[in-house]
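A structural walkthrough
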Amino acid sequence: MATEQGGVAIKKKAAARSWILFDFKGEDTILDVDKYAIMQRVEIHARDLRILDPLLSYPSTILGRERAIVLNLEHIKAIITAEEVLLRDPTEENVVPVVEELRRRLPLSAAQNDADAPEEHESPFEFRALEVALEAICSFLDARTTELETAAYPALDELTSKISSRNLDRVRKLKSAMTRLTGRVQKVRDELEQLLDDDDDMADLYLSRKMATSPVSGSGAPNWLPASPTIASKISRASRASAATIHGNENDVEELEMLLEAYFMQIDGTLNKLTTLREYIDDTEDYINIQLDNHRNQLIQLELFLSSGTVCISLYSLVAGIFGMNIPYTWNNDHSWVYKWVVSVSGLISILVFIAIVTYARHKGLVGS
């Protein structure tokens, strides 16, 4: 019985995940809650929360829901509402810089907290949080690309100067890393491009606009929205600030489009760097193949010379074999000069045959000049 209870406790502990909560004031709190508590807090479906599961392989995704934005970009897995940000695994090495940036950029200034302060130029809370995430992921991928370039270009240059097993294996690993990184960058770029191509998807990310145009008081208020004068005044200000923008057009997404376009261009620049690196690798491979083909041609030429020499030596050996047979030739007696002539003429003929073969091969272009 104790064992069963221990197993249940372990399962519950495994189900709970570490999250960090940022509100619009910039205050943060560490939460160790399960997925059901998160679903109730931000009002999203289980299928949306499943996208943020690190054990499951999902492509980069930015989803706009009624009350939240579900964000899955590489190691950045977050849920953004109009008043708070939930960031998963805040102690992870790559997530810590994102946490610090959220602490620095999310708090509202005193003027922004003032209910009577003009906010025509204030970006909605969800856009500022989204901008931090996009900037972090674009900078992260660009940094990985720069590291790869720093390692790849010298390795490729070294390979062109010396083809060895060590250099080939080094370039092979770099090419594999480049292929994986290109796929990751391409996924983020495709997601941003898909958002930019669909105004409705971008309109779904305007959470403050939805709050400004929907009732927030009474029994119909969502339970995740704290009832405070500060938030109420913020909603009122958001309503006034977006009035000129909306003006009967709820699909006006110019502000978000400009934000996404900036980071789309940045991630596209990173992808261009990887494309240039891939082209450099392909050019290096072509150069290496040309070098190998040249070496093979040189080996073929050497083989031709050796075969020609073997034929000539065989002719010389044939003459020597004939004169070496135990046959009573008449010139064997008192004709010592015959040996000298046979040796000289046979050697000269073999050399002439070798020169003739090489000349014919060069004339036909079989060997280099």
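Just so we're clear, the structure is a prediction, and the values are computed from it rather than from any experiment.

Here we come to the pattern of salt bridges. This model, assessed by the stated rule, comprises 19 salt bridges. The closest approach of N and O atoms between Arg 105 and Glu 135, which form a salt bridge, is 2.5 Å. Taken as a pair, Arg 105 in helix α4 (residues 96–105) and Glu 135 in helix α6 (residues 125–161) lie far apart in primary sequence, 30 residues in all. A salt bridge links Glu 158 to Arg 170; the nearest nitrogen and oxygen atoms lie 3.1 Å apart. Placement of the pair is Glu 158 in helix α6 and Arg 170 in helix α7 (residues 165–196), with a sequence separation of 12 residues. Within the structure, one salt-bridge network assembled from shared partners comprises Glu 101, Arg 104, Arg 105, Glu 131 and Glu 135.

What follows deals with the confidence of the model for the protein chain. Low-confidence regions, as indicated by low pLDDT, have predicted coordinates that should not be scrutinised in detail. Looking at the protein chain, the pLDDT average stands at 79 and 76% of residues meet or exceed 70. Low pLDDT, under 50, characterises residues 113–120; the predicted model gives this stretch 14 contacts beyond four residues in sequence or across chains. Low pLDDT, under 50, characterises residues 216–248; the predicted model gives this stretch 46 contacts beyond four residues in sequence or across chains.

As a further point, take empty space enclosed by the protein. On inspection of all chains with the given rule, the structure shows two cavities of 30 Å³ or more. Here the largest cavity is characterised by a volume of approximately 50 Å³. Of all the secondary-structure elements, those providing two or more residues to the lining of the largest cavity are β5 (76–80), β6 (84–88), α4 and α6. By residue class, the composition of the lining of the largest cavity is 11 nonpolar, no polar and no charged.

Our focus in this paragraph is the packing of α4 against α6. Between two packed helices, both the angle of their axes relative to each other and the distance between the axes serve to describe the pair. Between α4 and α6, whose axes approach to 10 Å, the crossing angle comes to 145 degrees. For the pair α4 and α6, the crossing hand works out as right-handed. Residues Val 98, Glu 101, Leu 102 and Arg 105 of α4 touch α6, and the partners they reach there are Arg 128, Ala 129, Glu 131, Val 132, Glu 135 and Ala 136. By residue class, the composition of the contact of α4 with α6 is five nonpolar, no polar and five charged.

Attention now moves to the pairing of strand β4 (residues 69–73). Most of β4 sits out of view: five of its five residues are buried. Burial of the side chains of β4 extends over both faces: Ile 69, Leu 71 and Leu 73 are buried on one face and Val 70 and Asn 72 on the other. Bridging between strand β3 (residues 61–64) and β4 involves four bridges; their strand directions are antiparallel. Of the residues in β4, the one forming a bridge with Gly 64 is Ile 69. Hairpin geometry of β3 and β4 is characterised by an intervening segment of four residues between the two adjacent antiparallel strands.

Conventions and cut-offs
Residues numbered from 1 in each chain as written. Predicted model: local features only at pLDDT ≥ 70, side-chain atom pairs only at ≥ 80, totals over all residues. Heavy atoms only, no water. Salt bridge = Lys/Arg side-chain N within 4 Å of Asp/Glu carboxyl O. Helix = DSSP H or I, 4+ residues; strand = E, 2+ residues; numbered from the N terminus. pLDDT = per-residue confidence, 0-100. Contact = heavy atoms within 4.5 Å. 1 Å grid on protein atoms, 1.4 Å probe; cavity = no way out; pocket = protein on both sides within 12 Å on 5 of 7 lines; lining within 4 Å. Points joined across faces, edges and corners; volume = space filled by probe spheres on them. Nonpolar A, V, L, I, M, F, W, Y, C, P; charged D, E, K, R; others polar. Axes fitted to C-alpha atoms, helices over the stretch in contact; angles between N-to-C directions. Left-handed = near helix turned anticlockwise from the far one by under 90°. Buried < 20%, exposed > 50% of the residue type's maximum accessible area, 1.4 Å probe, protein only. Pairing = 2+ DSSP bridges.

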